[in-house]
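These are the residues of each chain, in order.
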Amino acid sequence: MPDDDDAPDGPPTAASQNEESKDDGNAEEYPPITPGGSLMLAWQPRDRPILLVGGGSRMQVAASRLDHLLNASATAITLIAPPPLHPLIAHRLATHPASIVHHPRLFLPSDLTDPPPSLLLTAIDDPAVSSTIQLLARAANIPTNVADVPGLCDFYFGAIHRSGPLQIMVSTNGNGPRLAATIRDRIAESLPSNIATAIANVGILRRKLRGIAPGNTGSDISQRMAFMSRVCDEWSFEQLAGMTDGEMDLLLAGYPDAVTSYDDLRRAKVELLLSDTSL
Ligand SMILES: C[C@@]1(CC(=O)O)c2cc3[nH]c(cc4nc(cc5[nH]c(cc(n2)[C@H]1CCC(=O)O)[C@@](C)(CC(=O)O)[C@@H]5CCC(=O)O)C(CC(=O)O)=C4CCC(=O)O)c(CCC(=O)O)c3CC(=O)O
Ligand SMILES: NC(=O)C1=CN([C@@H]2O[C@H](COP(=O)(O)OP(=O)(O)OC[C@H]3O[C@@H](n4cnc5c(N)ncnc54)[C@H](O)[C@@H]3O)[C@@H](O)[C@H]2O)C=CC1
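Residues numbered from 1 in each chain as written. Chains lettered and ligands numbered in written order. Predicted model: local features only at pLDDT ≥ 70, side-chain atom pairs only at ≥ 80, totals over all residues.

Draft legend 1. Seen up close, the domain arrangement of the protein. Entries for the protein in the domain assignment read domain 1 (50-157) and domain 2 (195-277). Computed over C-alpha atoms, the centres of domain 1 and domain 2 are 44 Å apart. (Domains from an automatic or database assignment.)

Structure (structure tokens):
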């Protein structure tokens, strides 16, 4: 009997047998698989319907979920929560009326069908109702988070740090949520202060690059990727954060071959300025 607790239940499938037969003898060269983690993604809710159930005040869980949704630009949130509402939720309803529809009542099964949400979050203090909602959602294949009940969650929330375009989520995979927040704070403290500007500038540079080299063949893409990778590796966060629009254009003038270093670019800029004034 194999003593592998992580092995999936049931007989091997055609796919798993096929995987075994593909072992080419280089197994020790490949990174090991460590099951038991989470699939961490960067979900883009956009206008897809999302259902949030609960609006309580004790631990502010629904209020925090709502803020996460709004920060992710979700625009089709339905909130099912009888009064009283947490004051932060009331404030968000007032400031984001186009993105949130509030029904001041208890959950109804029809909330899962009319329309079916792409995501369901519950933050309520009634475990029996929580598990009924989760059973209905599971039957309808709706990914669900039941705050406080890991066994009923298809996905967990994590401790999140946000700075402009940068977002970092720490998960302890259910082991220590409070520790996740502490680790998040330590990571945030260790980040350079200009990191958000550096990332935003790289975003601008990448868009400019696609403007001057819009090709979509495999080699166009590889060339753009190699150039951007070199810029990101060779320039420091500080240099990237300080990059002006004109410097970006100068840097891109070397595309696809030269990736000018920060010092060379500054020197080229001075030379350009000098030659301009000598005209
Ligand atoms: C599984 C998970 C499911 C989910 O909710 O998604 C879950 C479950 C449970 N939380 C419990 C307790 C606490 N949760 C917090 C705080 C947070 N909890 C969050 C996520 C998660 N909590 C998911 C796992 C994430 C991971 O492990 O990485 C954070 C990170 C994100 C967020 O919720 O937004 C947010 C901090 C965010 C921030 O600060 O920014 C605090 C601390 C505090 O409130 O200050 C406490 C008290 C201290 C303690 O217990 O550690 C209990 C026990 C209840 C009991 O004892 O009865 C359970 C149930 C259980 O473990 O069985
Ligand atoms: N991150 C986490 O995982 C954490 C989870 N929790 C848990 O999350 C849950 C919610 O906590 P709080 O936000 O403090 O809220 P709360 O406990 O103050 O209020 C519960 C809310 O649920 C609503 N509610 C109850 N039954 C409902 C139903 N059938 N339909 C719609 N709404 C219903 C109530 O009207 C109220 O707004 C609690 O069980 C709490 O223990 C608490 C701390 C951390």
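Draft legend 2. Quick look at the site of ligand 1. Taken together, 20 residues are adjacent to ligand 1, and Phe157, Thr172, Pro177, Arg178 and Ala181 come closest. Of the residues that constitute the shell around ligand 1, the class distribution is nine nonpolar, nine polar and two charged. (Near = placed C-beta within 6 Å. Nonpolar A, V, L, I, M, F, W, Y, C, P; charged D, E, K, R; others polar.)

Draft legend 3. Highlighting the sheet that holds strand S1 (residues 50-53). Strand order in the open sheet made by the five strands is S3-S2-S1-S4-S5, with parallel pairing throughout. The open sheet has two edge strands with one neighbour each: strand S3 (100-103) and strand S5 (144-146). Across the sheet, the mean angle separating the axes of adjacent strands is 15 degrees when strand polarity is ignored. Bridging between S1 and strand S2 (residues 77-80) involves four bridges; their strand directions are parallel. (Pairing = 2+ DSSP bridges. Helix = DSSP H or I, 4+ residues; strand = E, 2+ residues; numbered from the N terminus. Axes fitted to C-alpha atoms, helices over the stretch in contact; angles between N-to-C directions.)

Draft legend 4. How the structure looks around the UniProt feature "domain: Siroheme biosynthesis protein Met8 C-terminal" (unreviewed entry) in the protein. This chain's UniProt record puts "domain: Siroheme biosynthesis protein Met8 C-terminal" (unreviewed entry) on residues 192-257. Span residues 192-257 is 76% helix and 0% strand, its end C-alpha atoms 30 Å apart. (UniProt positions renumbered as here; feature names shortened; annotations may be inferred.)

Draft legend 5. Structural context of the site of ligand 2. In the vicinity of ligand 2, 22 residues are found, and the nearest of them are Gly56, Arg58, Met59, Val61 and Ile124. Per-class residue counts for the shell around ligand 2 are 13 nonpolar, five polar and four charged.

Draft legend 6. Examining the UniProt feature "domain: Siroheme synthase central" (unreviewed entry) in the protein more closely. Mapped onto this numbering, the UniProt entry gives "domain: Siroheme synthase central" (unreviewed entry) at residues 164-189. Segment residues 164-189 splits into 50% helix and 19% strand. End C-alpha atoms: 15 Å apart.

Draft legend 7. Focus on unusual backbone geometry. Between Pro83 and Pro84 the backbone carries a cis peptide bond, its omega angle lying at 5 degrees. Summarising the element assignment, Pro84 is placed in the loop between S2 and helix H3 (87-95). Non-glycine residue Asn173 carries a positive phi angle of around 50 degrees. Checked against the element boundaries, Asn173 lands in the loop between strand S7 (166-170) and helix H5 (177-190). We classify Asn173 as exposed; it has 12 C-beta atoms within 10 Å. (Buried ≥ 20, exposed ≤ 12 C-beta atoms within 10 Å, placed from the backbone.)

Draft legend 8. Summary view of the confidence of the model for the protein. For the protein, the mean per-residue pLDDT works out to 90, and 90% of the residues sit at or above 70. Within the model, pLDDT remains below 50 along residues 1-17, and this stretch shows four contacts once partners closer than five positions in the same chain are excluded. Confidence metrics for the complex model read pTM 0.89 and ipTM 0.94. (pLDDT = per-residue confidence, 0-100. Contact = placed C-beta atoms within 7 Å.)

Draft legend 9. A look at the nonpolar core. Counting residues in each nonpolar core, the largest one holds 27 residues, and the members touching the most others are Ile50, Leu52, Val53, Ala62 and Ile77. At the level of elements, S1, helix H2 (61-71), S2, strand S4 (119-122) and helix H4 (127-139) are the ones that each hand at least two residues to this core. The residues contacting Ile77, other than those within four sequence positions of it, are Ile50, Leu52, Leu69, Ser99 and Ile100. By size, the runner-up hydrophobic cluster in this structure holds twelve residues, among which are Phe227, Val231, Leu240 and Leu251. (Core = buried A, V, L, I, M, F, W, Y, C linked by C-beta atoms within 7 Å.)

Draft legend 10. Region of the structure containing the pairing of S7. The pairing of strand S6 (residues 159-163) with S7 spans five bridges and is classified as antiparallel. Residue pairing across strands places Ser163 opposite Leu166, the latter belonging to S7. Linkage of S6 to S7, two consecutive antiparallel strands, is achieved through a turn of two residues, within which Gly164 is found at a positive phi near 55 degrees.

Draft legend 11. The environment of Leu240, seen in detail. Mapped onto the elements, Leu240 comes out in helix H8 (residues 237-242). Sequence-wise, Leu240 and Leu135 are 105 residues apart; in three dimensions their C-alpha atoms are separated by 49 Å. Those residues within four positions of Leu240 in sequence are excluded, and the remaining contacts are Ala198, Asn201, Val202 and Trp235.

Draft legend 12. Representation of the environment of Arg207. Within the fold, Arg207 resides in helix H6 (residues 195-212). With 10 C-beta atoms packed within 10 Å, Arg207 lands in the exposed category. Between the C-alpha atom of Arg207 and that of Leu251, which follows or precedes it by 44 residues, the distance is 13 Å.

Draft legend 13. Local environment of the environment of Trp235. Checked against the element boundaries, Trp235 lands in the loop between helix H7 (218-234) and H8. A C-alpha to C-alpha distance of 43 Å links Trp235 and Leu52, two positions 183 residues apart in sequence.

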